[in-house]
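Letter by letter, the chains look like this.
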Amino acid sequence: MAPIYDCSVDSELLTGMRLARAAIGRGELVVIPTDTVYGVAADAFNPAAVQRLLDAKGRGRQSPPPVLVPGIPTLAALAEQVPDEVDALVKAFWPGGLTIVLPASPSLVWDLGETKGTVALRMPKDTIALELLSETGPLAVSSANLTGRPAARTAAEAEAMLGDSISVYLDGGEAGSAYDRVEGKDSSSTIVDATALASGSGGLRILRHGVVSVEQLREVVGDALAAPSDA
């Protein structure tokens with residue numbers, strides 16, 4: 001059985017982080033806490049590791065994983081362009097529960113699946129995740145669950161679903177506690193598609209409603225966000 005490291009205990013945090021870094025370097029999978037839900041992490045630049053992530057979740061290449069980044073400057077390195085409205089959203093909601101889909105930089109050498117030239121990016125608001133990202137660089141991270149099952153909010157829930165497909169589990173306590181839990185509402189990040197805005201062919205569209213509300217988004221970007229009937 002893959003070990004679970006309690007990151008509230010200093011000795012386990014140090015050991016767990018060291019083993020997590022090593023596992024990522026070998027192309028293996030690690031479960032990490034984020035501010036929304038637990039995630040399965042893999043080296044974004046290792047195609048075999050990304051495929052291992054998709055296989056562990058029971059997903060196909062048509063469902064490419066988002067990429068978590070350690071800081072706002074990484075956004076410009078991974079996206080082909082960053083519209084002013086996206087820059088405003090990032091300043092307002094990063095680190096936090098907002099994922100933004102943008103055209104990927106054509107210079108990137110990676111294979112996340114059938115992305116159609118896009119990449120979904122987020123900077124999480126979780127100290128354990130950010131520390132790992134600062135040492136590994138961008139990670140492909142998808143919610144820690146089997147496809148069709150609820151996203152794990154604890155390391156134990158993730159382990160119950162994913163088992164030995166994961167090399168290391170980092171336990172950071174219950175995920176999502178920084179956000180209000182609303183019955184029937186997704187506790188994952190909100191996903192906004194900015195590809196049409198970047199190409200000049202449209203506005204921002206919400207692909208998934210999550211912890212950042214429509215009202216919060218509209219306070220920042222106004223009419224650049226498509227109306228619900230258009231989203």
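Before any of the text, the structure's been laid out above.
Residues numbered from 1 in each chain as written. Predicted model: local features only at pLDDT ≥ 70, side-chain atom pairs only at ≥ 80, totals over all residues. Heavy atoms only, no water.

Participant: Which residues make up helix 8 (residues 214-221), and what values do they have?
Facilitator: Residues of helix 8 that are buried: Val-214, Leu-217 and Val-221. One side of helix 8 holds all its buried residues, which, seen down the axis, span an arc of 65 degrees. Of the residues in helix 8, the exposed ones pointing more than 90 degrees away from the buried face are Glu-215 and Glu-219. Just beyond helix 8, the residue with positive phi is Gly-222, at close to 60 degrees. (Buried < 20%, exposed > 50% of the residue type's maximum accessible area, 1.4 Å probe, protein only. Helix = DSSP H or I, 4+ residues; strand = E, 2+ residues; numbered from the N terminus. Arc of directions from axis to C-beta.)

Participant: Report on the pattern of salt bridges, specifying residues and quantitative values.
Facilitator: A side chain with one charge may pair with a side chain of the opposite charge, provided their charged atoms come close. Applying the stated criterion across every chain yields a total of seven salt bridges. Its salt-bridge partner being Glu-28, residue Arg-26 comes within 3.0 Å of it at the nearest N-O pair. Arg-26 sits in the exposed class, given a relative accessible area of 52%. Its salt-bridge partner being Glu-174, residue Arg-153 comes within 3.6 Å of it at the nearest N-O pair. In this pair, Arg-153 sits in the loop between strand 7 (139-143) and helix 6 (155-162) while Glu-174 sits in the loop between strand 8 (168-171) and strand 9 (190-193), placing the two residues 21 residues apart along the sequence. On the accessibility criterion, Arg-153 (7% relative accessible area) is buried. Taking relative accessible area as the criterion, Glu-174 reaches 45% and is therefore assigned partly exposed. (Salt bridge = Lys/Arg side-chain N within 4 Å of Asp/Glu carboxyl O.)

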